[in-house]
Amino acid sequence: MTNTYRIVLLLTAMMFCVFLTLQIGHSLSLSEQWAIVHRFSFEMNLHDSFAAIVYAQSQLPRIVMAVLVGGTLGLVGSVLQQLTQNNLLSPLTLGTSSGAWLAMVIGSVWFPVVMADYASLVALLGAILTLLVVILIVGLKNMSGLPIILAGMAINILFGAVATAIVLLNEQYVKSLFIWGAGDLAQNGWDNLGWLIPKLTPIVLLLAFAPRVLAILRLGQTGAQARGLNIMPAFCSLLFICLWLVSVSISSVGVISFIGLLSPNIARGLGARTPRAELISSLLLGAILLLVADMIALFVSEMSFEMVPSGTAAALIGAPALILFTRRQLTAQDNLSLSLPHTQQVINKWQIMKLLIMLLGTLLIAVFLSRTTMEGAVSWIWQIPDHFAWQLQWPRLVTAISVGAGLAVAGVILQRLIYNPLASPDILGLSAGATFTLVAAGVFLGVNVFKSGPGLAFAGSMTVLLLLLILGKRNQYAPSMMILTGIALTALIDALVSFSLIKGNEDTYAILTWLVGSTYRATPGLSLILAVVIGVLAAFTLLTSRWLTILSSGRAFAKSRGLNVSVIFAILFIVVGLLCAVTTTAMGPVAFVGLLAPHMAILSGAKKAKTQLWIAMLFGVILMVLADWLGQNIRYPVQIAAGTVVSVIGGSYFLVLLIKTRKSLIPVTN
């Protein structure tokens with residue numbers, strides 16, 4: 001397909017999508033629509049109908065906004081992917097979208113005066129800081145591989161937890177913030193476009209100068225320097241323009257995922273080979289994809305009488321597409337991974353004793369130390385809980401212990417099976433599978449999530465597990481395939497969550513309470529069942545730790561030792577799925593415990609699989625119990641969910657750990 005033919009085809013498709021989208025939600029004839037468009041001043045006369053006013057002041061600016069934002073995101077995605085030679089890079093997978101969102105949430109809650117005039121600069125600052133953190137984690141040399149994608153998704157989890165905590169403590173902002181977070185193209189006049197269009201003028205610079213720079217960069221560092229290109233200034237300039245364009249787009253319509261990821265991949269699939277051809281094709285495809293997503297959102301809104309954000313529809317399209325592109329586009333470079341931090345320390349009985357003392361101290365604090373109101377003042381008190389308080393407290397304590405241990409075991413298994421220390425139940429999407437069915441049933445079917453939650457959560461985790469096993473078998477359980485499937489599911493769930501929170505009713509806040517990972521609704525019966533199930537699964541993993549030890553050395557080595565790698569891999573993956581299902585059923589999704597506890601075990605010197613399992617469980621329990629205790633007391637009488645606390649604490653520590661150890665990473669010893 002020639003460049004001219006491809007561009008004409010895409011322009012025709014875009015105009016067709018514009019026409020179809022404009023026909024949804026009104027009763028105007030084509031002649032009436034043309035009369036409004038032809039007038040072009042959009043100033044309504046007194047005799048104009050309500051439908052005409054809505055068409056001119058809402059639908060037309062919405063269409064223009066979709067074309068501009070979609071085209072911008074498509075163009076930015078193409079520049080990012082060509083700059084890094086990474087076909088899976090985008091504002092979503094790089095983490096910059098979540099950084100901009102967190103900055104906007106902070107600004108909206110605490111600095112509303114600043115946000116009134118400088119929203120785009122606030123979003124830009126959040127995006128830049130996020131990018132710097134990601135680069136600090138993986139280094140500039142790893143921007144072309146999978147590690148930067150995994151680091152970006154870890155940032156997404158951390159910043160999402162921080163933003164959720166802020167929103168929960170400022171409920172008056174919930175609905176407006178999550179409408180924005182879900183990606184909303186709705187317009188009330190042309191003012192927003194008047195603000196956005198001048199800020200998109202750097203697109204002209206990208207189209208004029210980026211093709212030559214990107215073409216030279218394809219020659220490699222030596223070839224580019226030989227042709228007089230100063231690589232770092234050119235790289236940083238293009239990157240800064242991309243971040244600016246993403247920031248102003250997000251400031252206007254909120255977070256819209258996948259457009260920047262899919263457009264360049266589709267453009268290459270249609271035959272765009274040169275940098276200029278890919279940029280122009282990606283721009284047009286971005287506009288088309290967002291128009292299609294908006295068309296779906298408008299149609300569903302008409303049918304269901306519920307406002308469906310365009311960002312949610314984009315995620316519904318993009319998540320399956322990401323899985324499809326993952327299966328086709330991954331290269332050998334994408335299968336490379338980070339390795340676990342190295343330490344010279346070796347675990348011994350004294351260190352184990354210290355850990356046990358730390359665990360005992362944490363349990364004593366959780367049981368006996370709390371904040372309470374005495375004589376009208378809030379104060380700390382150390383006391384033995386009475387019978388009533390103990391009946392409320394021990395199920396929460398048992399739940400926190402069980403969830404911490406279970407997620408730690410799941411994290412150890414995953415990190416050793418797929419040889420990547422950024423693997424965890426939350427990043428692979430196993431915990432997210434339970435959340436998906438829970439949110440979908442609550443939003444679309446009106447199911448009471450707390451009465452039917454356990455069954456829904458279990459079904460969701462098992463569904464994702466089955467999907468991962470099916471996709472993984474075809475790709476020999478490639479780490480990149482399985483992790484990026486989890487990324488797709490995570491992004492889809494985030495969009496559904498934002499959609500559910502737009503309603504702002506009691507069911508919405510009930511779902512939010514579940515999603516932040518709280519022990520608040522733990523019951524004696526459920527906590528005991530959880531403890532038994534986690535105990536059985538942990539015991540099975542410890543008994544089969546030899547499998548983990550051998551598999552950690554490589555699949556070829558495991559086969560040479562007589563192991564049926566596929567069967568053992570599937571068995572251990574099922575164990576992980578069960579662990580995620582029961583923990584999410586009891587408490588909701590909890591991030592970073594399964595990511596952080598195995599690392600803390602390695603840094604303590606627990607290098608053998610069996611030892612790492614034991615030590616990781618101790619760290620997991622300490623983290624969860626401490627997080628639950630802090631959540632109950634840090635803002636007493638307001639309670640913060642343990643999942644939020646552990647995500648913020650554990651995620652921050654994990655990022656610092658990765659930054660400090662990036663230059664000295666070596667493979668894990670068995």
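S.K.: So what exactly am I meant to see when it comes to the packing of helix H23 (residues 524-543) against helix H26 (residues 565-587) here?
M.R.: Angle between the axes and distance between the axes are the two parameters that describe a pair of packed helices. One way to put it is that H23 packs onto H26 with a least axis distance of 10 Å and a crossing angle of 160°. Accordingly, the angle class assigned to the pair H23 and H26 is roughly antiparallel. The way H23 lies across H26 gives a crossing that is left-handed. Taking contact as the criterion, the partners of Leu526, Leu530, Val533, Ile534, Leu537, Phe540 and Thr541 in H23 are, on H26, Ile571, Val575, Leu578, Leu579, Val582, Thr583 and Ala586. For the contact of H23 with H26, the per-class residue count stands at 12 nonpolar, 2 polar and no charged.

S.K.: What should I look at first to understand the nonpolar core in this one?
M.R.: Looking at soluble globular proteins, one finds that nonpolar side chains tend to be buried together. Membership of the largest hydrophobic core comes to 119 residues, with the highest contact counts inside it found for Leu206, Leu238, Leu245, Ile256, Phe258 and Leu290. Contacts of Leu290, omitting those with residues within four sequence positions, involve Ala66, Val69, Gly70, Leu185, Ile256 and Ile259. Ala405, Ile550, Val593 and Val621 belong to the second largest nonpolar core, which has 72 residues in total.

S.K.: Which parts of the structure should I look at to understand helix H28 (residues 609-633)?
M.R.: Every α-helix carries 3.6 residues per turn, so stepping three or four residues along brings you back to the same face. Taking 1.5 Å per residue, 25 residues should reach 36 Å; H28 reaches 36 Å between its end C-alpha atoms and fits that length. Taking burial as the measure, the 25 residues of H28 include 19 buried ones, the bulk of the element.

S.K.: How do you make sense of the environment of Thr373 when you look at a structure like this?
M.R.: For Thr373, the position within the fold is in strand E1 (residues 369-374). Along the primary structure Thr373 and Tyr636 are separated by 263 residues, whereas in three dimensions their C-alpha atoms are 9.1 Å apart. With residues up to four places along the chain from it excluded, the contact list for Thr373 reads Val378 and Tyr636.

S.K.: What is the right way to read the packing of helix H3 (residues 50-84) against helix H12 (residues 231-253) from this model?
M.R.: Look at H3 against H12: their axes get within 10 Å of each other, and the N-to-C directions meet at 150°. Comparing the axis directions of H3 and H12 gives the class roughly antiparallel. The hand of the H3/H12 crossing is left-handed. Taking contact as the criterion, the partners of Met65, Val69, Thr72, Val76, Val79, Leu80 and Leu83 in H3 are, on H12, Phe235, Leu238, Leu239, Cys242, Leu245, Val246, Ser249, Ser252 and Val253. Here the contact of H3 with H12 is composed, by residue class, of 13 nonpolar, 3 polar and no charged.

S.K.: Just checking my understanding: could you explain H23 for this structure?
M.R.: Counted at 1.5 Å a residue, the expected span for H23 with its 20 residues is 28 Å, and the 29 Å between its end C-alpha atoms agrees. Those residues of H23 not exposed but buried are Ser527, Leu530, Ile534, Leu537, Ala538, Thr541 and Leu542. With its buried residues spanning 135° around the axis, H23 presents them on a single face. What points out from H23, more than 90 degrees from its buried face, is the exposed set Ile529, Val532, Val536 and Leu543. In the core, the buried residues of H23 are packed alongside helix H17 (387-417), helix H24 (545-551), H26 and H28.

About the thresholds
Residues numbered from 1 in each chain as written. Predicted model: local features only at pLDDT ≥ 70, side-chain atom pairs only at ≥ 80, totals over all residues. Heavy atoms only, no water. Axes fitted to C-alpha atoms, helices over the stretch in contact; angles between N-to-C directions. Helix = DSSP H or I, 4+ residues; strand = E, 2+ residues; numbered from the N terminus. Parallel < 35°, antiparallel > 145°, perpendicular 65-115°, else oblique. Left-handed = near helix turned anticlockwise from the far one by under 90°. Contact = heavy atoms within 4.5 Å. Nonpolar A, V, L, I, M, F, W, Y, C, P; charged D, E, K, R; others polar. Core = buried A, V, L, I, M, F, W, Y, C linked by side-chain atoms within 4.5 Å. Buried < 20%, exposed > 50% of the residue type's maximum accessible area, 1.4 Å probe, protein only. Expected span 1.5 Å × (residues − 1). Arc of directions from axis to C-beta.

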